[in-house]
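Working through the structure, step by step
Spelled out from the first residue to the last, the chains are:
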Amino acid sequence: MSVSVHDAPSAALDGTGIPALREAVRADLEHMAEVKGCRYPSVGGLVDVLTFPGTWAVILFRLASTAHYKGLRPLSRFFYFVNVVLFGAELHPSAIVQPGLVIPHPVGIAMGGECRVGRRALLFRGIALGGIGDPKRPGQPVLGNDVVVFDSASVFGPVHVGDRSMIGTKALVVDDVEPDMFVFGARKSHLVRPLTEMGLDQHAAAAQHSPEPSKGPPSTPTTSISGAHEIVASNGRTTQAV
């Protein structure tokens, strides 16, 4: 199934498919005004739109993305950091999102760097778009035009969500979704595989050779974030630096 992320006509795309900053922000504001029912364009409507935290989360993402693809990585990292601190929105600068992005409630949202999102996307609080963690299925989601992802939903892996489809609250999507569909219902994780089958045997080996815990209150074994990144990278996964 093909998803038309870049099929819609646009006079504001550069040669790499990255939306031009001014046109992207303009479309973002217009769509936010439409979602919130504000009169726009007007001075009152603009003031109204700019008082929503989600508007600024999107603007900071646009600035971070533009800086990232212009090679200004320290500046990109700064905008990304400010977005996380102020609004709790982890929107990776290398994600490519077409104009018209609206995030009404930005707290807790996370988007991976390989995500590709079409025009007029509407993303709600606490959603997650990223990798599935399976070395045999690398990649991150591609969302078509006019896609809506409701609160706490998750879309993981190299999946395609078709144009105008909606992902319901707390839904877990790991397979392709056809256009004009509504996905709902959280699924219980029931598949279990040995780590060796998943290509993560280094994690098991590291755990077996870990030192005995000192006497004291029982603690839960943990794996550091950097260690997990090394395990995934050694199995063919790559990540993009901010």
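Note: the structure precedes this text.
Everything quoted here is computed from the prediction, not taken from an experiment. (Residues numbered from 1 in each chain as written. Predicted model: local features only at pLDDT ≥ 70, side-chain atom pairs only at ≥ 80, totals over all residues. Heavy atoms only, no water.)

Some thoughts on the overall build of the protein
Cut-off, in case you're wondering: Only DSSP runs of H or I with at least four residues qualify as helices, and only runs of E with at least two residues qualify as strands; both kinds are numbered from the N terminus onward. Only protein chains enter the accessibility calculation, which uses a 1.4 Å probe; a residue whose area is less than 20% of its type maximum is buried, one above 50% is exposed, and one in between is partly exposed. Contacts are assigned to residue pairs with any non-hydrogen atoms lying within 4.5 Å of each other. Here the accessible surface of atoms and residues is derived via Shrake-Rupley with a 1.4 Å probe, and residues count as covered only by protein chains that are part of the display.
Per the secondary structure count, the protein includes six helices and 13 strands. Taken across its 242 residues, the protein has 43% of its residues classed as buried. Of the contacts made within the protein by residues no fewer than 6 positions apart, 46% connect residues no fewer than 24 positions apart. Carbon and sulfur atoms form 59% of the exposed surface of the protein, whose accessible area is close to 13400 Å².

Considerations on the sheet that holds strand S12 (residues 172–173)
Remark on secondary structure: sheet strands pair via backbone hydrogen bonds, oriented parallel or antiparallel. Spelled out, the test is: Two strands qualify as a pair provided that DSSP identifies no fewer than 2 bridges between them.
Read from one edge to the other, the open sheet built from five strands follows the order S1-S3-S6-S9-S12, with strand pairing classed as parallel. Each of the sheet's edge strands pairs with one partner strand only, and the pair in question is strand S1 (90–91) and S12. Pairing analysis gives two bridges linking strand S3 (residues 110–111) to strand S6 (residues 128–130), with the strands arranged parallel. Bridging across to S6, Met 111 finds its partner in Leu 129.

Some remarks on the side chain of Asn 83
Positionally, Asn 83 belongs in helix H4 (residues 73–87). By relative accessible area, which is 3% here, Asn 83 ends up buried. Setting aside residues up to four positions removed in sequence, Asn 83 forms contacts with Ala 57, Leu 60, Phe 61, Gly 88, Ala 89 and Leu 91.

Description of the pattern of salt bridges
For side chains bearing opposite charge, pairing can occur when the charged atoms are close. Inclusion rule: By convention in these notes, a salt bridge is any Lys or Arg side-chain nitrogen within 4 Å of a carboxyl oxygen on Asp or Glu.
According to the stated counting rule, one finds five salt bridges in the structure shown. Here Arg 120 ties to Glu 34 by a salt bridge, and the two come within 3.1 Å at their closest N and O atoms. Of the two residues, Arg 120 is situated in the loop between strand S4 (116–117) and strand S5 (122–123) and Glu 34 in helix H1 (residues 21–36); the sequence distance between them amounts to 86 residues. With relative accessibility at 52%, the residue Glu 34 sits in the exposed group. The salt bridge involving Asp 180 is made with Arg 164; its shortest N-O contact spans 2.6 Å.

What about the packing of aromatic side chains?
Formally: Only Phe, Tyr and Trp rings take part, Trp by its six-membered ring, and two of them pair if their centres are within 6.5 Å. Stacked means planes under 30 degrees apart, edge-to-face means over 60, and tilted covers everything else.
This model, assessed by the stated rule, comprises four aromatic pairs. Between the aromatic rings of Phe 150 and Phe 182, the centroid separation amounts to 6.4 Å while the plane-to-plane angle is 35°, which identifies the pairing as tilted. With Phe 150 in the loop between strand S8 (148–149) and strand S9 (154–156) and Phe 182 in strand S13 (residues 182–183), this residue pair connects regions lying 32 residues apart in the sequence. Residue classification places Phe 150 among the partly exposed residues on the basis of a relative accessible area of 22%. Taking the relative accessible area as the measure of exposure, Phe 182 reaches 44% and is therefore partly exposed. Through pairs of rings, three or more aromatic residues link up here, namely Phe 124, Phe 150, Phe 182 and Phe 184.

Points about the packing of H1 against helix H3 (residues 53–69)
The criterion, for reference: Axis definition: a line fit to C-alpha positions, over the contact stretch in the case of helices; interaxial angles, taken between N-to-C directions, run 0 to 180 degrees. Angles below 35 degrees are treated as roughly parallel, those above 145 as roughly antiparallel, those between 65 and 115 as roughly perpendicular, and all remaining angles as oblique. It is the rotation of the near helix from the far one that decides the hand of a crossing: anticlockwise by less than a right angle makes it left-handed, clockwise makes it right-handed. Just so you know the grouping, Ala, Val, Leu, Ile, Met, Phe, Trp, Tyr, Cys and Pro go in nonpolar, Asp, Glu, Lys and Arg go in charged, and all remaining residues, Gly too, go in polar.
Across the interface, H1 lies against H3 with an axial gap of 10 Å and an inter-helix angle of 165°. By the angle class used here, H1 and H3 are roughly antiparallel. The way H1 lies across H3 gives a crossing that is right-handed. Across the interface between the two elements, Leu 21, Ala 24, Val 25, Asp 28, Leu 29 and Met 32 from H1 touch Gly 54, Thr 55, Val 58, Ile 59, Arg 62, Leu 63 and Thr 66 from H3. Classifying every residue of the contact of H1 with H3 by side-chain character gives eight nonpolar, three polar and two charged.

Structural notes on the nonpolar core
Here is the rule we go by: Only buried residues count toward a nonpolar core. Its members are Ala, Val, Leu, Ile, Met, Phe, Trp, Tyr and Cys residues joined through side-chain atoms within 4.5 Å.
Within the largest apolar cluster, 33 residues are counted, with the highest numbers of intra-cluster contacts made by Leu 101, Met 111, Leu 123, Leu 129, Leu 143, Val 149 and Ile 167. Broken down by secondary-structure element, the contributors of at least two residues to this core are H3 and H4. With five residues, H3 is the single largest residue contributor to this core. Ranked by size, the runner-up nonpolar core spans 12 residues in total, among them Leu 29, Ala 33, Ile 59 and Val 102.

Observations regarding unusual backbone geometry
Trans is the prevailing form of peptide bonds, just as negative phi is the prevailing case for residues other than glycine. Put simply, Tyr 40 and Pro 41 share a cis peptide bond, and its omega is 5°. As for its position among the elements, Pro 41 is in the loop between H1 and helix H2 (43–50). Even without a glycine there, the phi angle at Arg 120 is positive, about 55°. The backbone of Asp 146 shows a phi angle near 60°, a positive value even though the residue is not glycine. Tracing the chain through its elements places Asp 146 in the loop between strand S7 (142–143) and S8. Owing to a relative accessible area of 32%, Asp 146 belongs among the partly exposed residues under this scheme.

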